[in-house]
Amino acid sequence: VDGALWLGTAKGEVLGVHFLDADSLAPWIVRYGVDDGLPGGPVWAYEANGDVRFASWSGVYEFVSSGAAGSGRFVLDSRFSQAATAKEDTLLAAQPDPAGNWWHGYKDRIDIATRQPGDSYARSSPAVLQCRRNDLEPLYAEANGVAWLADGDALLRYDSNRSGAY
């Protein structure tokens, strides 16, 4: 995406592997961290429909380029920043689906951010996905509305087309 390969790390950094052009075999690597707007702690890079987002325990971030290749800052994505409702409510995982929606995993629930016209998102927390489990995380969301979720004890199949269906 954007001619770069983005890699999140457990050390709270993002590595941007940038290429001069499509034929370039000599990329340069930029290491981004707290000084570049990241909050610290693990960061996961995700791509969906041409957008790259960076999930952390503090929320979902986007990289805003300042024009020159590789330069810019990470800022909270305002479309997702309202997700955390309490201090201990940390984002544990984020997973895009083929429709451009985002599945956010928290300690006690899964939120679904459904893509709306105008590049906005509507957030929902289906009751069946609100449960105290061991860090329930979205693993994979299929185009047909089925999502695969997991914790340390179980692999769960959720079908959004059926009310309350695991």
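About the thresholds
- Residues numbered from 1 in each chain as written.
- Predicted model: local features only at pLDDT ≥ 70, side-chain atom pairs only at ≥ 80, totals over all residues.
- Heavy atoms only, no water.
- Helix = DSSP H or I, 4+ residues; strand = E, 2+ residues; numbered from the N terminus.
- Contact = heavy atoms within 4.5 Å.
- Phe/Tyr/Trp six-rings, centres within 6.5 Å; stacked < 30°, edge-to-face > 60°.
- Buried < 20%, exposed > 50% of the residue type's maximum accessible area, 1.4 Å probe, protein only.
- Patch = residues over 30% accessible without salt bridge, like charges linked within 9 Å, V, L, I, M, F, W, Y side chains within 5 Å.
- Areas by Shrake-Rupley, 256 points an atom, 1.4 Å probe, with all protein chains shown as cover.
- Salt bridge = Lys/Arg side-chain N within 4 Å of Asp/Glu carboxyl O.
- Pairing = 2+ DSSP bridges.
- Axes fitted to C-alpha atoms, helices over the stretch in contact; angles between N-to-C directions.
- Core = buried A, V, L, I, M, F, W, Y, C linked by side-chain atoms within 4.5 Å.

A. Highlighting the environment of serine 66. Tracing the chain through its elements places serine 66 in the loop between strand E6 (59-65) and strand E7 (72-76). Apart from the residues lying within four places of it in its own chain, the contact partners of serine 66 are Ser71 and Gly72.

B. Representation of the packing of aromatic side chains. Under the counting rule described, the total for this entry stands at ten aromatic pairs. The interplanar angle of 70 degrees and the centroid separation of 6.2 Å between the aromatic rings of tryptophan 103 and tyrosine 158 together place this pair among those described as edge-to-face. Of this pair, tryptophan 103 sits in strand E9 (residues 102-105) while tyrosine 158 is found in strand E14 (residues 155-159), placing the two residues 55 residues apart along the sequence. What makes tryptophan 103 buried here is its relative accessible area of 4%. Through a chain of ring-to-ring contacts, three or more aromatic side chains come together here, namely Trp6, Tyr32, Phe54, Phe63 and Phe74.

C. Broad picture of a nonpolar patch on the surface. Together, Leu5, Leu7 and Phe19 line one region of the surface with nonpolar side chains, adding up to about 240 Å² of accessible area. Here phenylalanine 19 shows up in the loop between strand E2 (14-18) and strand E3 (28-32). Overall, the relative accessible area of 33% leaves phenylalanine 19 in the partly exposed class.

D. Representation of the sheet that holds strand E13 (residues 146-150) within the structure. Spatially, three strands are ordered E12-E13-E14 in an open sheet, and the strand pairing comes out antiparallel. Two strands close off the open sheet at either side, each with one partner strand: strand E12 (137-141) and E14. Within the sheet, the average angular offset between the axes of one strand and its neighbour, ignoring direction, is 30 degrees. Bridge count for E12 against E13 is four bridges, and the pairing is antiparallel. Looking across to E13, one finds that glutamate 137 is bridged to alanine 150.

E. Representation of the sheet that holds E3. A sheet is described by the order of its strands in space; here three strands give the open sequence E1-E2-E3, paired in antiparallel fashion. What marks the edges here is a single partner per strand, and that holds for strand E1 (4-8) and E3. When strand polarity is set aside, the average angle formed by the axes of neighbouring strands in this sheet is 20 degrees.

F. Representation of the nonpolar core in the model. Core analysis: the largest hydrophobic core is formed by eleven residues, namely Ala4, Trp6, Val14, Tyr32, Leu38, Val43, Val52, Phe54, Tyr61, Phe63 and Phe74. Residue assignment for this core shows that the elements contributing at least two residues are E1, strand E5 (51-56) and E6. Of all hydrophobic cores here, the second largest spans nine residues; its members include Tyr46, Ala94, Tyr106 and Tyr121.

G. Layout of the pattern of salt bridges. Using the criterion set out here, one finds four salt bridges in the structure. With a closest N to O distance of 3.6 Å, arginine 53 and glutamate 62 form a salt bridge. Overall, arginine 53 belongs to the buried group, its relative accessible area being 8%. Its relative accessible area of 22% is what places glutamate 62 among the partly exposed residues. A single network of salt bridges, built from pairs that share partners, joins Arg53, Glu62 and Asp77.

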